[in-house]
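One-letter residues, chain by chain:
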Amino acid sequence: MDLAIDGNAALVTASSSGLGKASAKALAREGADVVINGRDEDRLADAREEIADVATGEVVAQQGDLTDADDVEALVETTVEEFGTIDHLVTSAGGPPSGAFLETTDEDWYEAYELLVMSVVRLAREAEPHLTEGDGGTIVTITSRSVKEAIDDLVLSNSVRMGVVGLEKTLSKEFAPEVRANAVLPGSHETSRIRELVDQAIERGEYDSYEEGLADWADNPLERIGDPMELGNTVAFLSSPKSGYVNGAAVPIDGGATASNL
């Protein structure tokens, strides 16, 4: 399917690895010019090279910390300077630390809010003039299935990510009709973080093989873990006019793991 986003300009945050990188790769493969972002300069350079291999447009890497307001502003400025505008904003961020409620401090809560919520607030505020000036601007927020169903020992993710979905729903009304805003709620995908956790578990003697360890993450009716590109392709679709009547949605991409009806 031609997603009709060739030549569009996209900004994808936290895209030097994982689901953000998969989303940037999917957009670039469809012909969009993409700015990618990360904190680690070497990892970001590697990601740019990987994405450029499949891109038909331009791929620009911009280092930056999403909890730094100046870095967020610079991300948007770089995208506009390079490509003239922003048609698609995809927000992603690393997850907060795991832990139960009584194990978390006030600082943990503030840091999680800055990373997950305020990064999206600032990005949306800075990008809004550019998203609304075109025809068919989009925002896709990558959150977690934890907003549908709380996950054990993830109190920060369970709680704070709800604010991202509330913001996304609000933007879908306030920025319409020029801009559509949607969220994707990933379950387990075979990212570098998951591979690292499985390898560590093997070293501790919990599993005899990588395949055995990975199988424990396949907690869904499809009985397999997700490929990051499956999420990336969904993000690209939601960023395209092919999904032009989808607005204000929160789409689980978890193989059916979430037990909630809605």
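The structure we're discussing is the one just above.
Throughout what follows, the structure given in this document is the object of discussion. (Residues numbered from 1 in each chain as written. Predicted model: local features only at pLDDT ≥ 70, side-chain atom pairs only at ≥ 80, totals over all residues. Heavy atoms only, no water.)

## With respect to the overall build of the chain
Each helix and strand counted, the chain has 8 helices and 7 strands in total. By its C-alpha atoms, the chain is 55 × 40 × 35 Å across when sized along the principal axes. Counting across all 262 residues of the chain, residues that qualify as buried make up 50%. Put simply, of all contacts in the chain between residues at least 6 apart along the chain, 75% involve residues at least 24 apart. If you sum the accessible surface of the chain, you get close to 12,600 Å²; carbon and sulfur atoms cover 46% of it. Distance from the positive charge centre (19 side chains) to the negative charge centre (51 side chains) of the chain: 5 Å. (Helix = DSSP H or I, 4+ residues; strand = E, 2+ residues; numbered from the N terminus. Buried < 20%, exposed > 50% of the residue type's maximum accessible area, 1.4 Å probe, protein only. Contact = heavy atoms within 4.5 Å. Areas by Shrake-Rupley, 256 points an atom, 1.4 Å probe, with all protein chains shown as cover. Lys, Arg positive; Asp, Glu negative; His and termini not counted. Charge placed at Lys NZ, Arg CZ, Asp CG, Glu CD.)

## Notes on the sheet that holds strand β7 (residues 250-253)
The sheet built from 7 strands is open, its strands ordered β3-β2-β1-β4-β5-β6-β7 with parallel pairing. Of all the strands in the sheet, just β3 (59-63) and β7 have a single pairing partner and so form its edges. Neighbour-to-neighbour, the strand axes of this sheet turn through a mean angle of 20°, independent of strand direction. As defined by bridge partners, strand β1 (residues 9-12) adjoins strand β4 (residues 88-91) across 3 bridges and the pair is classed as parallel. Looking across to β4, one finds that L11 is bridged to L89. (Pairing = 2+ DSSP bridges. Axes fitted to C-alpha atoms, helices over the stretch in contact; angles between N-to-C directions.)

## Regarding the pattern of salt bridges
In this structure the tally under the stated criterion is 7 salt bridges. With its nearest N and O atoms 3.1 Å apart, the salt bridge here joins D219 to R145. Here the residue D219 occupies a position in the loop between α7 (210-215) and α8 (228-238), and R145 occupies one in the loop between β5 (137-142) and α5 (155-174), the gap between them amounting to 74 residues. The partner of R224 in a salt bridge is E230, with the nearest N and O atoms 2.8 Å apart. In this structure R224 comes out as partly exposed when scored by relative accessible area, which is 39%. Residues joined by salt bridges that share partners form a network here, namely K21, K25 and E50. (Salt bridge = Lys/Arg side-chain N within 4 Å of Asp/Glu carboxyl O.)

## Some words on the packing of helix α1 (residues 18-29) against helix α2 (residues 41-52)
Between α1 and α2, the least distance of the axes is 9 Å, while the angle of their chain directions is 30°. Considering the relative orientation of α1 and α2, their crossing is right-handed. Between α1, through K21, A24, K25 and A28, and α2, the contact on the second element is made entirely by A47, E50 and I51. Of the residues in the contact of α1 with α2, the class split is 4 nonpolar, no polar and 3 charged. (Left-handed = near helix turned anticlockwise from the far one by under 90°. Nonpolar A, V, L, I, M, F, W, Y, C, P; charged D, E, K, R; others polar.)

## Describing the nonpolar core
Counting residues in each nonpolar core, the largest one holds 31 residues, and the members touching the most others are L11, L89, L116, L131, I139 and L171. Mapped by element, the contributors of at least two residues to this core are β1, α3 (69-83), α4 (106-133), α5 and β6 (179-186). The leading source of residues in this core is α4, at 9 residues. When sequence neighbours within four positions are dropped, the list of residues in contact with L11 reads V35, L75, V76, T79, H88, L89, V90 and L123. The next biggest cluster of nonpolar side chains, apart from the first, holds 28 residues, and it includes A26, A47, I51 and A236. (Core = buried A, V, L, I, M, F, W, Y, C linked by side-chain atoms within 4.5 Å.)

## Describing the packing of α1 against α8
Relative to each other, α1 and α8 sit at 55°, their axes nearing to 7 Å. Comparing the axis directions of α1 and α8 gives the class oblique. In the crossing of α1 with α8, the sense of the turn from one axis to the other is right-handed. Touching L19, A22, S23, K25, A26, L27 and R29 of α1 are P228, M229, L231, G232, N233, V235 and A236, all from α8. For the contact of α1 with α8, a count of residues per class yields 9 nonpolar, 3 polar and 2 charged. (Parallel < 35°, antiparallel > 145°, perpendicular 65-115°, else oblique.)

## A closer look at the environment of V117
Along the chain, V117 turns up in helix α4. A relative accessible area of 5% places V117 in the buried class. Along the chain, V117 and V184 lie 67 residues apart, while their C-alpha atoms are 15 Å from each other. When near neighbours in sequence (up to four residues on either side) are disregarded, V117 contacts A112, V160, G163 and V164.

## A short note on the side chain of D33
Relative to the helices and strands, D33 is located in strand β2 (residues 33-38). Despite its burial, D33 pairs with no opposite charge, the nearest such side chain being R48 at 10 Å. At a separation of 2.8 Å, a polar atom in the side chain of D33 contacts the main-chain amide nitrogen of E58. Contacts of D33, omitting those with residues within four sequence positions, involve G7, N8, A9, A10, G57, E58 and F83. (Polar contact = N/O pair within 3.5 Å; in protein donor to acceptor, adjacent residues only side chain to side chain.)

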